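# Chain and residue survey
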Number of protein chains: 2
Amino acid sequence: MKTLIVYAHPEPDSLNGSLKDLAVSTLEKAGHEVRVSDLYAMGWKAVVDAPDYGPHASSPLQVARDSGRAFDAGTLTPDVLAEQAKLLWADTIVFQFPLWWYTMPAILKGWVDRVFTYRFAYGVGEHSDTRYGERFGEGTLAGRRALLSVTVGGPEPHYGARGINGPIDDLLFPIHHGILYYPGIEVLPPFVLYGADRLTGAGYPDVAAAWEQRLLTLESTEPIAFRRQNFGDYEIPSLHLKRGLEPAGRTGFALHVRG
Amino acid sequence: MKTLIVYAHPEPDSLNGSLKDLAVSTLEKAGHEVRVSDLYAMGWKAVVDAPDYGPHASSPLQVARDSGRAFDAGTLTPDVLAEQAKLLWADTIVFQFPLWWYTMPAILKGWVDRVFTYRFAYGVGEHSDTRYGERFGEGTLAGRRALLSVTVGGPEPHYGARGINGPIDDLLFPIHHGILYYPGIEVLPPFVLYGADRLTGAGYPDVAAAWEQRLLTLESTEPIAFRRQNFGDYEIPSLHLKRGLEPAGRTGFALHVRG
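Residues numbered from 1 in each chain as written. Chains lettered and ligands numbered in written order. Predicted model: local features only at pLDDT ≥ 70, side-chain atom pairs only at ≥ 80, totals over all residues. Heavy atoms only, no water.

Further remarks concern the interface of chain A and chain B. Where the parts come together, the accessible area they lose is often given as the size of the interface. Taken together, the 63 residues of chain A in the interface contact 63 residues of chain B. For chain A, the biggest contributors to the area lost against chain B are Trp-101, Arg-162 and Ile-164 of chain A; these three give 22% of the whole. The tally of links between chain A and chain B comes to two salt bridges. Among the salt bridges present, the one from Glu-246 of chain B reaches Arg-162 of chain A, with a minimum N-O distance of 2.8 Å. In this structure, the connection of chain A to chain B is made through 24 residue pairs in polar contact (both at pLDDT 80 or more). Looking at the side of chain A that touches chain B element by element, the count peaks at seven residues for helix α5 (residues 168–181) of chain A. Each residue belonging to the side of chain A that touches chain B can be placed in one class, and the counts come to 37 nonpolar, 15 polar and 11 charged. (Contact = heavy atoms within 4.5 Å. Buried area = accessible area lost by both parts, 1.4 Å probe. Salt bridge = Lys/Arg side-chain N within 4 Å of Asp/Glu carboxyl O. Polar contact = N/O pair within 3.5 Å; in protein donor to acceptor, adjacent residues only side chain to side chain. Helix = DSSP H or I, 4+ residues; strand = E, 2+ residues; numbered from the N terminus. Nonpolar A, V, L, I, M, F, W, Y, C, P; charged D, E, K, R; others polar.)

Right, let's talk about the relation of the copies chain A and chain B for a bit. Least-squares fitting of chain A to chain B yields an RMSD of 0.0 Å, with the transformation described by 0.0 Å of translation along the axis and a rotation of 180 degrees. What we have between these two chains is a two-fold relation. Distance from the rotation axis, computed per C-alpha, reaches its smallest value in chain A at Ala-106 of chain A: 2.4 Å. Most of the interface of chain A is mirrored in chain B, where 100% of its interface residues are also at the interface. (Least-squares fit on C-alpha atoms with pLDDT ≥ 70 in both.)

Right, let's talk about the nonpolar core for a bit. Ranked by internal contacts, the top residues of the largest apolar core, which has 125 residues, are Trp-111 of chain A together with Trp-111 of chain B. Ignoring any residue separated from it by four or fewer positions in sequence, one finds Trp-111 of chain B in contact with Val-6, Leu-39, Trp-44, Glu-83, Leu-87, Phe-95 and Phe-116 of chain B. (Core = buried A, V, L, I, M, F, W, Y, C linked by side-chain atoms within 4.5 Å. Buried < 20%, exposed > 50% of the residue type's maximum accessible area, 1.4 Å probe, protein only.)

With that out of the way, let us pick up the side chain of Glu-246 of chain B. Locating Glu-246 of chain B in the fold gives a position in the segment after α6 (204–216). Classification of Glu-246 of chain B by relative accessible area gives buried; the value is 19%. Within the structure, Glu-246 of chain B has its side chain in polar contact with the side chain of Arg-162 of chain A (distance 2.8 Å). In this view, Glu-246 of chain B contacts Arg-162 of chain A together with Arg-227, Leu-241 and Leu-255 of chain B; residues no more than four positions away in its chain are not counted.

Along the chain, Pro-183 of chain A turns up in the loop between α5 and β5 (186–187). Separated by 41 residues in sequence, Pro-183 of chain A and Ala-142 of chain A place their C-alpha atoms 6.9 Å apart.

It is worth spelling out empty space enclosed by the protein at this point. With the rule as written, the count across this model stands at one cavity of 30 Å³ or more. If you add up the space inside the largest cavity, you get close to 140 Å³. Lining the largest cavity are 18 residues, with Thr-103 and Pro-174 of chain A together with Tyr-102, Thr-103 and Pro-174 of chain B positioned closest to its centre. Broken down by secondary-structure element, the contributors of at least two residues to the lining of the largest cavity are α5 of chain A together with α5 (168–181) of chain B. When its residues are assigned to classes, the lining of the largest cavity shows 14 nonpolar, two polar and two charged. (1 Å grid on protein atoms, 1.4 Å probe; cavity = no way out; pocket = protein on both sides within 12 Å on 5 of 7 lines; lining within 4 Å. Points joined across faces, edges and corners; volume = space filled by probe spheres on them.)

Another aspect to go through is the pairing of strand β3 (residues 92–98) of chain B. On any regular strand, side chains alternate: one points to one face of the sheet, the next to the other face. All names here are of chain B. Of all the seven residues making up β3, seven are buried; the element is thus mostly covered by neighbouring parts of the structure. Bridging between strand β1 (residues 2–7) and β3 involves five bridges; their strand directions are parallel. Paired with Thr-3 across the strands is Thr-92, a residue of β3. Handedness of the crossover is the feature at issue here: the chain leaves β3, passes through helix α4 (residues 106–115), returns alongside strand β4 (residues 145–151), and the resulting connection is right-handed. (Pairing = 2+ DSSP bridges. Right-handed = clockwise from strand over helix to strand, strands pointing away.)

Here the focus is the pairing of β1 of chain B. Residue and element names in this part refer to chain B. Within β1, five of the six residues are buried, leaving the element largely enclosed by the surrounding structure. As paired elements, β1 and strand β2 (residues 33–38) share six bridges and run parallel to each other. Looking at β2, one finds that Ile-5 is bridged to Val-36. Crossover connection from β1 via helix α1 (residues 15–29) to parallel β2: handedness right-handed.

Just distances and angles here, no functional claims.
Laid out in structure tokens, this is it:
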């Protein structure tokens, strides 16, 4: 495997830092190639603005159009070009981050906002009576697999089917489906570490063993069975799931998972 | 009303900029006080790091603990203190932003990550057999109301009950419930402008009229009926919704809305 690890935590000597280090050593020991985007260490610029699109950005700025034009012209900033190149190099992408306010830290959202430009991650492919662009199962990053490794402060029951925070699968759906599956990446079930704030040194070896086990079985893990957009499950252009495809009683985000 | 508008778009001459300007003029004309946090114009720092917590940040950095200590000591950075003061001043908070990758832009997530510190927005209140801290209906920001005004590129059907992106209420739930209701803010139904990328000058007056109408009825709008945590609906400490409270067949995020 060629694995890109995108890592977002301000403290190297943290649980997230340890899990990232363990991922690097475990994968390398198993003979895989690994590259790391350590967003804090890189001083990653989190904020989309006009300088991202060079001296030819339009005025007024139009984020989608300008990012697509800079992508086509090869004039995106070097930091963004480097991340796009890493994504094209990788066959596997691991994201390591703490869940802050039920989603990713701002620095990682800023990596998505800036790297996933128009014409690279969206605005790809043709629209017709049977296709609505290349996305949700097709796209620039098709053929790759991704895994979220997430630390969560609260205990697992709070994220269960009846838990007050909502089900973890639903909380992660906008990332899994909306960010990763959109440009074509297959998404593996996440590695979620609950109760991270209360984890002690004595508890860490079990966590490390579970994480190593996930890392060493990435290639044989089945991805989440998200439905592909252009292969008959959806009406076009409404992109409504066709009636009767889902098991009785299923609603919400889970409609977009097969079986 | 005392309204704080938190606005996140890089281009003043944008649809989001126009909707923000219209909110200011409409509310002021109606006799309300308005303050604006224009995150791009302020050069808002989006990224949580050790300097946020001053020279006494612990090493290794512990984000929750250090942010709570700095909050208690009054040593948070001036930019964060100013935003916390604005939130305490306001009775109404309007967020104006484009939906980027199914959630808020990084600069706004960074406003949440840095302003919603421990002891201010979380880590508030006592834990006992009947209470699990002051959150979800109680907390520092109780008594306030918030509204998301969101522009969305895609058309409305894509965000419907069977739409490929998932229902808009579910996409916004982690913000509505997880970020705003958590520290006690009541949340009004959002103002969502679909098809924003295709909006023409000819279409704008209708949008402006609808937005003005929402702004002028903020005080009489019923908030989303999220369930309060400590008033009998949840088991403590599992925070599972008690059996039988929901209408038959309701699941997922919607469990946490009454009626």
